[in-house]
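One letter stands for each residue in the lines below.
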Amino acid sequence: MTWLVPLPVIMPLLGAATTLLMFRRPRVQRAISVSVLTATLVVSTFLLVLSADGPLVVAVGGWPVPLGIVLVADQLAALMLVVSAAVTLCVLLYSIGQGGADGDEEHPLSVYHPTYLILTAGVTNAFLSGDLFNLYVGFEILLAASYVLITLGGTENRIRAGTTYVVVSLLSSVIFLAAIGLIYSATGTLNMAQLVGRLDALPDGVRMVLQGMLLLAFGIKAAIFPLSAWLPDSYPTAPAPVTAVFAGLLTKVGVYAIIRTETLLFPGGRVADLLMVAALSTMLVGILGAVAQSDLKRLLSFTLVSHIGYLLFGVGLASRAGIAAAVFYTLHHIVVQTTLFLVAGLIERRGGSTALDRLGGLARTAPVLAILFFLPALNLAGIPPFSGFLGKLGLIRAGADDGAVLPWLLVGGSALTSLLTLYALARVWNLAFWRSPATPDAAPLRSPRLMVTPTAALVVAGVMITLVAGPLYSLTDTVAEDLLARTPYVEAVLP
Amino acid sequence: MLILLAAHLVAAVLAPMLVRVLGPRAFYLLAAAPLAAFGWAVTHREGEWIHPWVPDLGLSLAFRVDTLSWLLMLLVGGVGALVLAYCARYFAPGTPGLGRFAAVFVGFAGAMLGLVASDDLLLMYVFWELTTVFSYLLIGHSGTARPNRRAALQALIVTTAGGLAMLVGIVILGRHAGGYRWSQVAAALPDGPVLTVAVVLILCGALSKSAIFPVSFWLPAAMAAPTPVSAYLHAAAMVKAGVFLVAGFAPMIAVAGGPAASVWRFLAVGLGLVTMLVGGWAALFQDDLKLLLAYGTVSQLGLLTAVLGFGTAGTALAGVAMLLAHALFKAALFLVVGIVDKTTGTRDLRRLQGLGRRAPVLATIAVAAAASMAGLPPAIGFVGKEAVFGALLGAGAAGWVTLAGVVAGSMLTVAYTARFLWGAFATKSVTVGSADTASVRARESVLGPRDHPAQDNHGVGDNRSPGNGGGPGDGAGPGAGSGTSSPALKGGGVEGGPARDAAGSLREAGVVPVVAVTPTVPAPAGSLLVAPAVLAFAGVLAGCLAGVVEGVLSPYHRGFEDAGGVAHLALWHGLGVPLALSLLALAGGLALFRWLPAWKAGPGLGGGVYERVMTGMDRLAVEVTGATQRGSLPFYLAVILVVLIATAGPALVAGWPGRTEFRLWDTPLHLVPVAVSIVAAVFAVPARRRLTAVILVGVTGYANAGVFLLHGAPDLALTQFLVETVTLVMVVLVLRRLPSHFSQRPGPWRRRVRVGIGVAVGTVMAGAGFLAMSARQALPVSVAYPEMAVPYGGGHNIVNVILVDIRAWDTMGEVAVLVAVATGVASLIFRQAQRLSRRGPVESPSEPPRDEPVWLMAGHTVEAGRRSTMLEVVTRLLFHVIVLLSVYLLFTGHDTPGGGFTGGLVAGLALIVRYLAGGRYELAAAAPVDAGAVLGAGLLIAVGSGAAALVAGGQVLQSAVLDLHLPVVGDLHLVTSTVFDIGVYLIVVGLVLDVLRSLGAEVDRHALARSADHDVEQGTEHERRPQEELV
């Protein structure tokens, strides 16, 4: 069944090609995009089931393994694929709904569909890649597509925000590429499984340089403080669905790369302290940023940064419990952060703005919207029984198990961040939902069902994580075990 | 248990719909859920259920009912059902938001049920937080008023903060015990400082939830909630959770002993007593009946925490009896206040007059409940308090200190109880100056010296808006939620004609007139009285049956080591110290009520600290964000580069090999391109003109191509050369529309910093490169490429085989990048959907004149002054040759230098030449296709060829070699990867075409349009004139 493995990349690319050819026929474009992403979701689910018996490995082009590129669908990759496919599908439906409601004026859909599909292909490629340079290519694909999406419509704000985003991303790409060059020159290979042994054999100093540069490149993508400032300056101006998918997926690809490389290539937690200090400062600086915001989208961007700190905390612990919690939290965070940005888009249509001082009375005027906001907001703040709580609990337990001073500090930091997240979001609720309705500037834009339904689906999905938390958590636990053991991956690629 | 919880959940979900259909009567139906829990508790005494949830986290749905949780289940279910039934009559039909309210209320009851029944501490935490969230929604139910919102947020933050501390405490305990069940934790408590830390953290949770000093302030502020909510929240839910937790942990801690037990007792008892005194004292100064009761609750919670936290069998029994008593009387009293409020329209005891005579039944209920509060026989409150005295008497020095505090607190309790009854029901013959009765003197002594400006704030219960009168939004709350213990009064607004004249003078005298409860106010509806009556008389009944109560509750206090201690529950302990103390408390309390000293205001409860902390936090947030979030791209880049230096630099120094072999070059020829590159780079830095900078950077690229060439990689060199050329042309196209010089030049200081960072980064990178290369031990995989290329890839040009076969997957990704970039350029320039059609060829506007020689198809469309016949002729001659060359490169690339990428670039150059010579119409004539379609077709071919291999049964992107013998052409060596390369070729051509169309042709059009405007407006935009002459 390994022929399934390349499909999550191939299908979106074929979809992008056909939607480009069909640029005059929006309806056909829509049909192609939706069916491609649905198929991707199905294939990803199959991969998740199949990978339970061990990683699925494909040598692209049939070249003997260390020579060519390998694609590896292990459980971590498959899990990420499933969640990202589900999220991209929901966001696509949402954006179609939005385009259908507003006409194509502001969102040139003929450009949107192919680019969106290319973005998806980049994300899936990054997850599946078993080759360091190909991982870079995956990053490039999704970045190039994201440059297009973030400046969609070409308004002045978007161009300005896009400039920051593009330049910072290019710098991170350059650093990543340089690191790959150095790794190849030091080891003579790019195949990650083969790198395992070869990197272990390098002197400590060389390995530290390589590890540091890779972490830096991924850290920029994942928005780790102090490399995170670009994010809140660039994400919020993009159209709602674009921000949503960026927030949900792009930073997580960076996190995925960190998890993968830190466990597989640079095991043993040599930079654990560094990671944990970064995690703590990311959490706190991020959430303080959120508290200081008066605009919903910006506020959410800061919570995004802040909660990357949680993920890093788990990775920094480098223990089975820590990695398991980090993976679980990543899945949770993809869903919930995307949902909240989609809801922010709905709020913007309803209230004409995302500025908190201009919103009000939504609990009364838009009760459905209120529920759609409240549940994921609680989830993000880590209120039980939602998945955010479960992930946080896992991290706190893992930190307590470690027992050193820094993990304890992070346990405290996690709790504080959770509290401040709740504070920031409850303030949003107080102002936007409870306060007397602000004087309406303009008639609210209609939110078609095709926008509300995918949002609701994601809200439900977020709640569902709680219900299936038992099996899901044991899955992430297995993932963590395999990651730390390294042998399942290495032996599957290089039998 | 799951069924009971599910019943609550279902009821909560259905509530909005039921309320819509049935109106307030739906509450009767909804009451069935907590009633079921009550019914279960009546018929069962204990039970245990376990379902797995997240085993990896130690989370299970474990429930266990023991004595303590059984008692609380009775209360949660019973009080919940009664309050819900009360709601059915309390709310008028059509009250806005009632469905939402009902749902949250039932959910709240369910969460509370789960909390008390949880056997797993983590599960208990889950419900704990749920009660917090539900109470947030209930308190802020009428959130249109700012104080209500703030009160809700305050309660949420304070209790969640405590809850998170508790969570950490639980994790510590659970980690040590290997599980989170009460029994597991109790069996394996850690010792030493770990236990102390855990105990303090858990107490943080319990005390914040139960509004113990210093965080008591949130509870009175939470009075913003509708009265039935207050009744439930104070009596059975929410605040009782903290007391419950204290009661649950007390036996464990007492058994564990050691310093942790001392810390526990010191905190629980000490803070409990302080709370009891402060709360009771503050209650004495309240004029709002509801607020008076709220402070009373604070005081009682202090008592409960102190007694239950004390940690002996006697206090434990007394404590749970008090817990029961408090639940019964406090719920009853709140419901009474609700009725008073509903019938008279006010809860201000200065405005109520003679209600006792008019509503004797209500008054009787209130007296019965208040007796329990004050500790008078035969109510359970009396029994409990006697037991407390008795238990503390036998508990040594700590007991004596505690006892003193409790007795003092009891006096305050008696005093505010008296004040409550007097305020609500007494007939006060109030006229200023004729203060002849004791009660009025007492009142006056409170109010007389105070100044009451006629300010209109969100004070006592008369700020109801017409929209939600009598509804859940009865919006009373203390001012601004900052722990104001005595909200300022609303001085004006007195109803009734005769009183009006007096009102002014009274206001001047600082006394608020009393509402004459006129006979037109309807008597309270009988059915509303049921719930408080049941509760109040249950309290009396429990008191009378004290022995039975003790029998039922005794399993709890047997958990202590000193089981069988001194205390018993009884109405009559005989003449002894406890009875004396009760009498002392009664007498002292009444005296206090009568001769209350003149105080300007009651004490605050520390809400100011909360405000200050939150304000400080907000300020910190703004400052931190301002410092890190500069909004400056150069700053962000500098941070990234500095981090690069900081991470890689030290590692580099540490890992630097002692002896190094350094070879400067293979041949001295290497010096040439490197020197060129260095010089160009150095001069590019200070360049002021954009064009200069771009060209110099381009030179470094060409020099790089030279390095490739010298290393024997003609293919790479060719590609690099072409890429550099095409890039240069594209950038120049962009530069046409930008000012010729860089607009902002950083100051000298900044320039130095930037140069410093740049040099440092360069040094680090060079060092890293050297280090990495010198560390290589294994052979690179590429060593095997040359021998594999021919048999597996079917080609002799290794570079091309790598690109289209070995690493074709990378190439596929990179062409997708090209497609995205091309699309992006087009989307930026054309912006809107309908204009994107211009991505296609544009029809030439006019026919070519017949009398001129035609070199280019659209040459005539260029202005005469710009035409260059020379260029046109050369273009005419070269175009097809270049295109042919590109196709040649494409097809022979597998064996000789070339390939799809190179070929595509060459073809792109051909298009560039056409565009430069003949402008946008010429471009359209040269490539009469849509750029997007070319890109799409290319991507389809490239990816499709990969997928085709998959369909054919191979691996994705696997190639096959076909050697055909064609009749005329001869032997044909075909490799399927050529198809892939054709896709690449098309994409590159499409990219160049797209860029020319958007950055070239479309920008030309913009410029034309603008210069047309310019001609009309005569030069308003001199400086921003595009630099069209560059091309």
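An unreviewed UniProt entry lists chain B under the name Multicomponent Na+:H+ antiporter subunit A, from Actinoplanes philippinensis.

Labelled according to an unreviewed UniProt entry, chain A appears under the name Multicomponent Na+:H+ antiporter subunit D, originating from Actinoplanes philippinensis. Regarding chain A, the relevant UniProt record gives this comment under Sequence similarities (unreviewed entry): "Belongs to the CPA3 antiporters (TC 2.A.63) subunit D family."

**Student:** It is not clear to me how the overall build of chain B should be interpreted in this structure. Could you clarify?
**Tutor:** The number of helices and strands found in chain B is 37 helices and four strands. Counting across all 1031 residues of chain B, residues that qualify as buried make up 56%. For chain B, the computed accessible surface area is about 40600 Å², with 67% contributed by carbon and sulfur atoms.

**Student:** I would appreciate a short explanation of the overall build of chain A in the present structure.
**Tutor:** Along the backbone of chain A there are 20 helices and two strands. Taken against the 2.2 N^0.38 rule, which gives 23 Å for 495 residues, the C-alpha radius of gyration of chain A at 21 Å falls within 12% of a compact globule. On the principal axes, the C-alpha backbone points of chain A span a range of 70 × 55 × 40 Å. A burial count over chain A gives 71% of its 495 residues as buried. Intrachain contacts of chain A at a sequence separation of at least 6 include 82% that bridge at least 24 residues. One finds the centroid of the 26 positive side-chain charges in chain A at a distance of 10 Å from the centroid of its 24 negative side-chain charges.

**Student:** What's the story with a nonpolar patch on the surface in this structure? I'm lost.
**Tutor:** Residue and element names in this part refer to chain B. Residues Val10, Leu14, Met17, Val21, Leu22 and Leu29 make up a contiguous nonpolar surface patch of roughly 520 Å² in combined accessible area. Ranked by residues supplied to the nonpolar patch, first place goes to helix H1 (residues 2-22) with five residues. In this fold, Val21 is placed in helix H1.

**Student:** So what exactly am I meant to see when it comes to the side chain of Ser234 of chain A here?
**Tutor:** Residues and elements named next belong to chain A. With respect to the helices and strands, the residue Ser234 is situated in helix H9 (residues 230-234). Within the structure, Ser234 has its side chain in polar contact with the backbone oxygen of Trp230 (distance 2.9 Å). Setting aside residues no more than four positions away along its own chain, Ser234 makes contact with Ile150, Ala161 and Tyr165.

**Student:** Could you clarify how one ought to interpret the environment of Gly322 of chain A in this entry?
**Tutor:** All names here are of chain A. Checked against the element boundaries, Gly322 lands in helix H13 (residues 320-351). Distance from Gly322 to Leu475, taken between C-alpha atoms, is 14 Å for residues 153 residues apart in sequence. The contacts of Gly322, once residues within four sequence positions are left out, are Gly314, Leu317, Leu395 and Ala398.

**Student:** What's the story with the packing of aromatic side chains in this structure? I'm lost.
**Tutor:** Residue and element names in this part refer to chain B. Inspection of every chain in the model, using the stated rule, returns 39 aromatic pairs over all chains. Judged by centre distance (5.1 Å) and plane angle (85°), the ring pair of Tyr90 and Phe91 falls under edge-to-face. Accessibility classification places Tyr90 together with Phe91 in one group, the buried group. The ring of Tyr90 has Lys342 sitting right over it, with the charged end atom 5.6 Å from the ring centre.

What counts and what doesn't
- Residues numbered from 1 in each chain as written.
- Chains lettered and ligands numbered in written order.
- Predicted model: local features only at pLDDT ≥ 70, side-chain atom pairs only at ≥ 80, totals over all residues.
- Heavy atoms only, no water.
- UniProt positions renumbered as here; feature names shortened; annotations may be inferred.
- Helix = DSSP H or I, 4+ residues; strand = E, 2+ residues; numbered from the N terminus.
- Buried < 20%, exposed > 50% of the residue type's maximum accessible area, 1.4 Å probe, protein only.
- Areas by Shrake-Rupley, 256 points an atom, 1.4 Å probe, with all protein chains shown as cover.
- Rg over C-alpha atoms; globule rule 2.2 N^0.38 Å.
- Contact = heavy atoms within 4.5 Å.
- Lys, Arg positive; Asp, Glu negative; His and termini not counted.
- Charge placed at Lys NZ, Arg CZ, Asp CG, Glu CD.
- Patch = residues over 30% accessible without salt bridge, like charges linked within 9 Å, V, L, I, M, F, W, Y side chains within 5 Å.
- Salt bridge = Lys/Arg side-chain N within 4 Å of Asp/Glu carboxyl O.
- Polar contact = N/O pair within 3.5 Å; in protein donor to acceptor, adjacent residues only side chain to side chain.
- Phe/Tyr/Trp six-rings, centres within 6.5 Å; stacked < 30°, edge-to-face > 60°.
- Lys NZ or Arg CZ within 6 Å of the ring centre and 35° of its normal.

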